[in-house]
Amino acid sequence: YRSVSIFSVPDIYIKDMKVHLKDRDNKEIKVSVTLGGSENFLEEEAVLSIPELHLEKVIPISRDGKGQASFEAEELTLWSLEEPKLYEVRVKLCNQGQIIDEVKDRIGFRTVETDGRKILLNGKPVFLRGACLHEETEEHGKAVTKEDIRQAYKKAKEMNCNFLRLAHYPHTEWASQLADEEGILLWEEIPVYWWIDFANPLTLKDAKNQLAELMTRDFNRASVVIWSVGNENPDTDERYHFMRTLAEAAKAYDPSRLVSAACLVDAVNLKISDRLEGHLDVIGFNEYYGWYDPDYEKLNAILEGSKPDKPVVISEFGADGYLADGKTVCNVRGSEEEQKEIYQNQVALFRKTDYIQGTAPWILFDYR
């Protein structure tokens, strides 16, 4: 359900280009280039250019085909929700003055970090007002089109969203490309979901590979601010080792973004408690009080009794809500009336909880 492309490349080619804003205050850009096609690189050099900024920088290439450089761009406009500015970035590969390969991308430059319980975008606090989204529509199933994605983003922005959680697997690369253009923040995730074989080293190898492929593909996307290493898996020793390894791998590969996971709550002691928290930048918290468990007092106890030292995003909450014969069904289980009441009760509790820095109700719209 995704398109396939075949690329013809020269004998020595640009395999990967990563570009991001390293230092916001000095507007310092860092670029890394990896070459392919040979085991020894002797005379190659890469040249990065950002035409709109009148920048051109040489990136020396080592014998192993890798090169990196940092430079300041004084006239740089930062990518933001209000102004999602993108620049065309080109890298040319040269050998003895001859261009042998070239790649280009449209890239936005911004920083994302945490400060205590706050999430900062370009150094300023941002609350992630969002929803969860499946890569699936009623008309096209999982073979979504760019127009499907644009319509989803349009619906989200009409609801005052600035954020979407792409559940529970890597969505098409169009999702992050279009989010860059629209000025929407994204949580991207790999399908380490519920119970899997956490003790199997091959399962961990598979998960690390999926995470690396996702991060490599979307490294240049300004919209992607959170890598999530999994969803709703109970806290066992095998799972803790597995998820900790993924979180550490994500941080080592890309220290420029935040790492999270959608965790389960301690339903016995009624608090946010997961050994994985120490390895996350943002705690994801999935809960359905008012729906699967009707007792709101439990949620109130959890929120009041939890003392996280980092931001929490309510990564799932909500209820079903359906129409019958085109008319709203009231006062019954699963009605839109009940759904609305559950959201209102939940949000009232969230507003009293200062460490909650984002919400992503389940789900933006129905799927096939």
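I will try to describe carefully the structure that is included in this document. Keep in mind that this is a model prediction, so the values were computed, not measured. (Residues numbered from 1 in each chain as written. Predicted model: local features only at pLDDT ≥ 70, side-chain atom pairs only at ≥ 80, totals over all residues. Heavy atoms only, no water.)

A look at the sheet that holds strand S2 (residues 28-36)
Thought 1: Pairing is antiparallel across the open sheet formed by 3 strands, whose spatial order is S1-S2-S5. Either end of the sheet is taken by a strand with one partner, and the two such strands are strand S1 (13-23) and strand S5 (66-72). Ignoring strand direction, the axes of neighbouring strands in this sheet form an average angle of 15°.
Thought 2: Note: S2 against S5, 7 bridges, orientation antiparallel. When the bridges of S5 are listed, valine 31 appears paired with alanine 69. (Pairing = 2+ DSSP bridges. Helix = DSSP H or I, 4+ residues; strand = E, 2+ residues; numbered from the N terminus. Axes fitted to C-alpha atoms, helices over the stretch in contact; angles between N-to-C directions.)

Some points on the pattern of salt bridges
Thought 1: Counting across every chain of the model gives 22 salt bridges.
Thought 2: Among the ionic pairs, aspartate 16 bridges to lysine 18, the shortest N-O distance being 2.2 Å.
Thought 3: A relative accessible area of 15% means that lysine 18 is categorised as buried.
Thought 4: Aspartate 218 serves as the salt-bridge partner of arginine 217, at 2.9 Å between the closest nitrogen and oxygen. (Salt bridge = Lys/Arg side-chain N within 4 Å of Asp/Glu carboxyl O. Buried < 20%, exposed > 50% of the residue type's maximum accessible area, 1.4 Å probe, protein only.)

What about the sheet that holds strand S8 (residues 112-115)?
Thought 1: On the basis of which strands lie adjacent, the open sheet formed by 3 strands has the order S8-S9-S10 and antiparallel pairing. The open sheet has two free edges, formed respectively by S8 and strand S10 (124-125), since each of these has just one partner strand.
Thought 2: Direction of pairing for S8 relative to strand S9 (residues 118-121): antiparallel, over a ladder of 4 bridges. Looking across to S9, one finds that threonine 114 is bridged to isoleucine 119.

Describing helix H1 (residues 146-158)
Thought 1: With 13 residues, H1 should cover 18 Å at 1.5 Å per step; its first-to-last C-alpha distance of 18 Å lies within 8% of that length.
Thought 2: Looking only at H1, the buried set comprises Asp148, Ile149, Ala152, Tyr153 and Ala156. One side of H1 holds all its buried residues, which, seen down the axis, span an arc of 135°.
Thought 3: On its buried face, H1 is in contact with strand S11 (128-133), strand S12 (163-166), helix H2 (173-182) and strand S13 (185-189).
Thought 4: Downstream of H1 by a residue or two, asparagine 160 has a phi angle that is positive, lying close to 70°. (Expected span 1.5 Å × (residues − 1). Arc of directions from axis to C-beta. Contact = heavy atoms within 4.5 Å.)

What to know about the packing of aromatic side chains
Geometrically, a pair of aromatic rings is defined through the distance of the ring centres and the angle of the planes.
Thought 1: Applying the stated criterion to the full structure yields 7 aromatic pairs.
Thought 2: Judged by centre distance (5.2 Å) and plane angle (65°), the ring pair of tyrosine 288 and tyrosine 292 falls under edge-to-face.
Thought 3: Members of the aromatic cluster, each reached through a chain of ring pairs, are Tyr288, Trp291 and Tyr292.
Thought 4: The positively charged end of lysine 155 is found above the aromatic ring belonging to phenylalanine 365, 4.8 Å away from the centroid. (Phe/Tyr/Trp six-rings, centres within 6.5 Å; stacked < 30°, edge-to-face > 60°. Lys NZ or Arg CZ within 6 Å of the ring centre and 35° of its normal.)

Observations regarding the packing of helix H3 (residues 201-218) against helix H4 (residues 237-253)
Thought 1: Relative to each other, H3 and H4 sit at 25°, their axes nearing to 10 Å. Between H3 and H4, the angle is such that the two are roughly parallel. You can see that H3 and H4 cross each other, and the crossing is right-handed. Taking contact as the criterion, the partners of Thr203, Leu204, Ala207, Lys208, Leu211, Ala212, Met215 and Thr216 in H3 are, on H4, Phe242, Thr245, Leu246, Ala249, Ala250 and Tyr253.
Thought 2: Tallied by class, the residues present in the contact of H3 with H4 amount to 10 nonpolar, 3 polar and 1 charged. (Parallel < 35°, antiparallel > 145°, perpendicular 65-115°, else oblique. Left-handed = near helix turned anticlockwise from the far one by under 90°. Nonpolar A, V, L, I, M, F, W, Y, C, P; charged D, E, K, R; others polar.)

Quick look at the nonpolar core
Nonpolar side chains in soluble globular proteins tend to be buried together.
Thought 1: Core analysis: the largest hydrophobic core is formed by 37 residues, its most contacted members being Tyr153, Leu164, Leu186, Val192, Phe242 and Leu246.
Thought 2: Mapped onto this core, the elements with two or more residues apiece are S11, H1, S12, H2, H3, strand S14 (224-231), H4 and strand S15 (258-263).
Thought 3: What tyrosine 153 contacts, discounting residues up to four positions off in sequence, is Leu164, Ala175, Ser176, Leu178, Ala179, Glu182, Ile184 and Leu186. (Core = buried A, V, L, I, M, F, W, Y, C linked by side-chain atoms within 4.5 Å.)

Quick look at the packing of H1 against H2
Thought 1: Viewed as axis vectors pointing N to C, H1 and H2 meet at an angle of 45°, and their least axial separation amounts to 10 Å. Comparing the axis directions of H1 and H2 gives the class oblique. The handedness of the crossing between H1 and H2 is right-handed. From H1, Lys146, Ile149, Arg150, Tyr153 and Lys157 reach across to H2, where they touch Trp174, Ala175, Ser176, Leu178, Ala179 and Glu182.
Thought 2: In the contact of H1 with H2, the residues fall into 6 nonpolar, 1 polar and 4 charged.

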